[in-house]
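Residues per chain are reported as follows:
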Amino acid sequence: MGTADSDLRPKDLPAVQLDELDRRIVRILSGDARITNADLAAALDIAPSTAHARTRSLIDRGVIRGFHASVDHQRLGRGLQAMIGVTLRGGTRHDGIVTFIDEVKQLPQVLQLFFLGGPDDFMVHIAVADSSEVRQFVVENLSTEPFVASTRTSIIFEYHRRGVAAGFR
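Bear in mind that the values here come from a model prediction, so they are computed numbers and not experimental data.

S.K.: Got a minute to help me understand unusual backbone geometry in this structure?
M.R.: The phi torsion of most residues other than glycine is negative, and most of the peptide bonds are trans. Residues other than glycine seldom take positive phi values, yet Asp 45 does so here, at roughly 60°. Structurally, Asp 45 is set in the loop between α2 (37–44) and α3 (48–60). Residue classification places Asp 45 among the exposed residues on the basis of a relative accessible area of 73%.

S.K.: Got a minute to help me understand the sheet that holds strand β2 (residues 110–115) in this structure?
M.R.: Paired through their backbone hydrogen bonds, the strands of a sheet run either parallel or antiparallel. Pairing within the open sheet is antiparallel, and its four strands lie in the order β2-β3-β1-β4. Of all the strands in the sheet, just β2 and β4 (148–156) have a single pairing partner and so form its edges. When the angles between neighbouring strand axes are averaged without regard to direction, this sheet yields 20°. Of the strand pairs in this sheet, β2 and strand β3 (residues 122–128) are connected by five bridges, and their pairing is antiparallel. Across the sheet, Val 110 pairs through a bridge with Ile 126, a residue of β3.

S.K.: Even after reading the chapter, I still don't get the environment of Ala 33, so can you show me in this structure?
M.R.: Position of Ala 33 among the secondary structure elements: in the loop between α1 (20–31) and α2. Measuring from C-alpha to C-alpha, the distance between Ala 33 and His 68 comes to 7.2 Å, with 35 residues separating the pair along the chain.

S.K.: Please explain the nonpolar core as it appears in this structure.
M.R.: As a rule of thumb, nonpolar side chains are buried together in soluble globular proteins. In terms of nonpolar packing, the biggest core is built from 21 residues, with Val 86, Phe 100, Val 124 and Ile 126 touching the most fellow members. Secondary-structure elements contributing two or more residues to this core are β1 (80–88), α4 (93–104), β2, β3 and α5 (131–143). Looking at this core element by element, the count peaks at five residues for β1. Beyond its immediate sequence surroundings of up to four residues, Val 86 is in contact with Phe 100, Asp 120, Asp 121, Phe 122, Val 124, Leu 142, Val 148, Ser 150 and Thr 151. In this structure, Leu 29, Ala 41, Leu 58 and Ile 64 belong to the second largest nonpolar core, which totals nine residues.

S.K.: How should the environment of Thr 151 be read in this particular structure?
M.R.: Residue placement: Thr 151 occurs in strand β4. As for Thr 151 and Ile 84, which are separated by 67 residues in sequence, their C-alpha atoms are 6.5 Å apart.

S.K.: Please clarify how α2 should be interpreted in this entry.
M.R.: Owing to its 3.6 residues per turn, the α-helix brings residues three or four apart onto one side. Buried residues of α2: Leu 40, Ala 41 and Leu 44, and no others. Axial view of α2: buried residues confined to an arc of 100°, hence all on one face. Looking at the buried positions of α2, the neighbouring elements they touch are α1 and α3. Phi turns positive one or two residues past the end of α2, at Asp 45, with a value near 60°.

S.K.: How should I be thinking about the packing of α1 against α2 in this particular structure?
M.R.: Each pair of packed helices can be summarised by the angle the axes make with each other and by the distance between the axes. The geometry of α1 relative to α2 is characterised by a closest axis approach of 11 Å and an angle of 130° between their N-to-C directions. Of the possible angle classes, the one that applies to α1 and α2 is oblique. Seen along the crossing, α1 lies across α2 with a hand that is right-handed. Contacts between α1 and α2 pair Leu 21, Arg 24, Ile 25, Ile 28 and Leu 29 from the former with Leu 40, Ala 43 and Leu 44 from the latter. Of the residues that constitute the contact of α1 with α2, the class distribution is seven nonpolar, no polar and one charged.

Procedures and definitions
Residues numbered from 1 in each chain as written. Predicted model: local features only at pLDDT ≥ 70, side-chain atom pairs only at ≥ 80, totals over all residues. Heavy atoms only, no water. Helix = DSSP H or I, 4+ residues; strand = E, 2+ residues; numbered from the N terminus. Buried < 20%, exposed > 50% of the residue type's maximum accessible area, 1.4 Å probe, protein only. Pairing = 2+ DSSP bridges. Axes fitted to C-alpha atoms, helices over the stretch in contact; angles between N-to-C directions. Core = buried A, V, L, I, M, F, W, Y, C linked by side-chain atoms within 4.5 Å. Contact = heavy atoms within 4.5 Å. Arc of directions from axis to C-beta. Parallel < 35°, antiparallel > 145°, perpendicular 65-115°, else oblique. Left-handed = near helix turned anticlockwise from the far one by under 90°. Nonpolar A, V, L, I, M, F, W, Y, C, P; charged D, E, K, R; others polar.

Encoded structure:
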């Protein structure tokens, strides 16, 4: 999937208005996306048909973009996580941005990719086995690219997540 120019800037979509029931559904599903419709309805004290219709409406309106599994990367042998700030070289900005997004989001070590405003152009969240794999990732996938000016790596000791952000587009 290629990245069009419009993919490089936020979508100008109007905010979706949610009532209290919609907010409660989002809150419950954010905590447990595997909850059955019957249990969701019981938690909300509404009919299962209402819970289903309201959840379907949240999906149709783009509020809920998917249901995700929380993976324990430690159990997969990828217990070391890092955030890598990447700054691109001036002069190749647009081409560098498009190329960077297309290439980096496909790498198996990448959990999340953020396009930023500020000193870094991107923040790359990776999960690997150990510090030598962090070094290998930076050297082989970032530092060798002609459009990458610099990188800054921070090891993640611990993190807390409230919810799951939308995936790559």
